[in-house]
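Below, each chain spelled out in residue letters.
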Amino acid sequence: MKLILIRHGEPDYATDSLTEEGKKQAAAAAKRLQNEGIDRIFTSPKGRAKETAAATAELLGLPVETLDFMAEVGWKNATDHDIPWNGHPWRNAEQIVRDGKDLLDGNWRETTVFADTVLPASSATVEKGAEEWFAELGFVREGDSFRCVGKSGNDRTYALFSHGGSSSVLLSYALGLPLPYILYSVRPHFTAITILEFPENEGELVRPLIRLLNDSAHITPGNLFYGQ
């Protein structure tokens, strides 16, 4: 099974839609994805993600299915405490490094920079949804791995259009890595593409393989796909 994660194009956050540049990026991503053999297209319920997904869906003639749990995570303060950057997760991941602490600490939800924000709760919503979704796709979570319960040899490719935050949580969950590590190390550009491959060994424990990470070459000026 192949899972393709795509961040939305450049947005107008006020209207939850794509800017004109974002629409060009979505079209470029669609052309980049047209030969990936995509079987189903999923999207966050947010407008900017749905609009980005629509470009690929139209090109491939596929319907778009909505995954509500992939709506962007929240990160504002959950208490009255004064928290730098209002709990912005990427800035807080940077703070962990500046403080000389461990990005791989599995107890990150309890650390000073995250404990009083809504990120622990909102990320848990994404993780719970991902667990149920992966099980539907034939991969049941066991520890940091997945039990393949689907039929071997049934190659499927799924595209999921979402956000910088929720896709980071899903990637953290799939790879079994703490979220701050992903937030610091993988910062998806607009319409950046990440591809995970899940070995389909029926009945066995498997881990996803990273086949592509944070690729946005298709929106680089002068690229074959850009602006065409």
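Throughout this document, residue positions are counted from 1 along each chain, in the order its sequence is written. Thresholds applied to this predicted model are a pLDDT of at least 70 for local features of residues and 80 or more for the giving and counting of side-chain atom pairs; totals over whole chains, interfaces and linings are not thresholded and use all residues. For the side-chain quantities, the full set of heavy atoms in the structure was used; hydrogens and water were omitted.

## Observations regarding the packing of aromatic side chains
- Side-chain rings of Phe, Tyr and Trp (the six-membered ring for Trp) are treated as a pair once their centres are within 6.5 Å; stacked means planes under 30 degrees apart, edge-to-face means over 60, and tilted covers the remaining angles. Per the counting criterion, the structure on display carries 11 aromatic pairs.
- Geometrically, the ring pair formed by Phe42 and Tyr158 is edge-to-face, given 6.0 Å between the ring centres and 75 degrees between the ring planes. Residue Phe42 is found in strand β4 (residues 40–43), and its partner Tyr158 is found in strand β8 (residues 157–162); the two are separated by 116 residues along the sequence.
- For Phe42, a relative accessible area of 3% corresponds to the buried category.
- Relative accessible area decides the class of each residue, using a 1.4 Å probe on protein chains only: under 20% of the type maximum gives buried, over 50% gives exposed, and in between gives partly exposed. Owing to a relative accessible area of 5%, Tyr158 belongs among the buried residues under this scheme.
- Both rings, one in Phe134 and one in Phe198, keep their centres 5.5 Å apart while their planes meet at 50 degrees; by these two values the pair is tilted. Taken together, the residues Phe134 in helix α5 (residues 119–136) and Phe198 in the loop between β9 (193–197) and β10 (205–206) connect sequence positions 64 residues apart. Each member of the pair, Phe134 together with Phe198, is buried.
- A connected cluster of aromatic rings, assembled from ring pairs, spans Phe42, Phe69, Trp133, Phe134, Phe139, Phe146, Tyr158, Tyr173 and Phe198.
- Two conditions define a charge located above a ring, namely a distance within 6 Å from the ring centre to NZ of Lys or CZ of Arg, and an angle within 35 degrees of the ring normal. Sitting over the ring of Tyr184, Arg187 keeps its end group 5.2 Å from the ring centre. The numbering of helices and of strands both runs from the N terminus, where a helix is a DSSP run of H or I of at least 4 residues and a strand a run of E of at least 2.

## Examining helix α1 (residues 20–33)
- The span expected for a helix works out to 1.5 Å for each residue beyond the first. Between the first and last C-alpha of α1 there are 20 Å, a value that for 14 residues agrees with the 20 Å anticipated at 1.5 Å per step.
- Taken as a whole, α1 has its buried residues at Gly22, Gln25, Ala26, Ala28, Ala29, Ala30, Arg32 and Leu33.

## A word on the pattern of salt bridges
- When a carboxyl oxygen of Asp or Glu is within 4 Å of a side-chain nitrogen of Lys or Arg, the pair counts as a salt bridge. For the structure on display, the rule yields 14 salt bridges.
- A salt bridge links Lys23 to Glu20; the shortest N-O distance between them is 3.2 Å. With Lys23 and Glu20 both in helix α1, this residue pair falls 3 residues apart, about one helical turn.
- Among the charged side chains, a salt-bridge network with shared partners connects Lys2, Arg32, Glu36 and Asp215.

## Some points on the sheet that holds β4
- Taken together, the 6 strands give an open sheet; going across it, the order is β5-β4-β8-β1-β9-β11, and neighbouring strands pair in mixed fashion. Only two strands of the sheet have a single neighbouring strand rather than two, namely β5 (64–66) and β11 (209–215). The sheet shows a mean angle of 20 degrees between the axes of neighbouring strands, direction not considered.
- We call two residues in contact whenever any of their non-hydrogen atoms come within 4.5 Å of each other. Axes, fitted as lines to C-alpha atoms, cover a helix only where it is in contact. Angles between the N-to-C directions of the axes lie from 0 to 180 degrees. Here α1 sits on the sheet and contacts β1 (2–7), β8, β9 and β11; the angle it forms with β9, its principal contact strand, is near 30 degrees. Only strands that DSSP links by at least two bridges are regarded as paired with each other.

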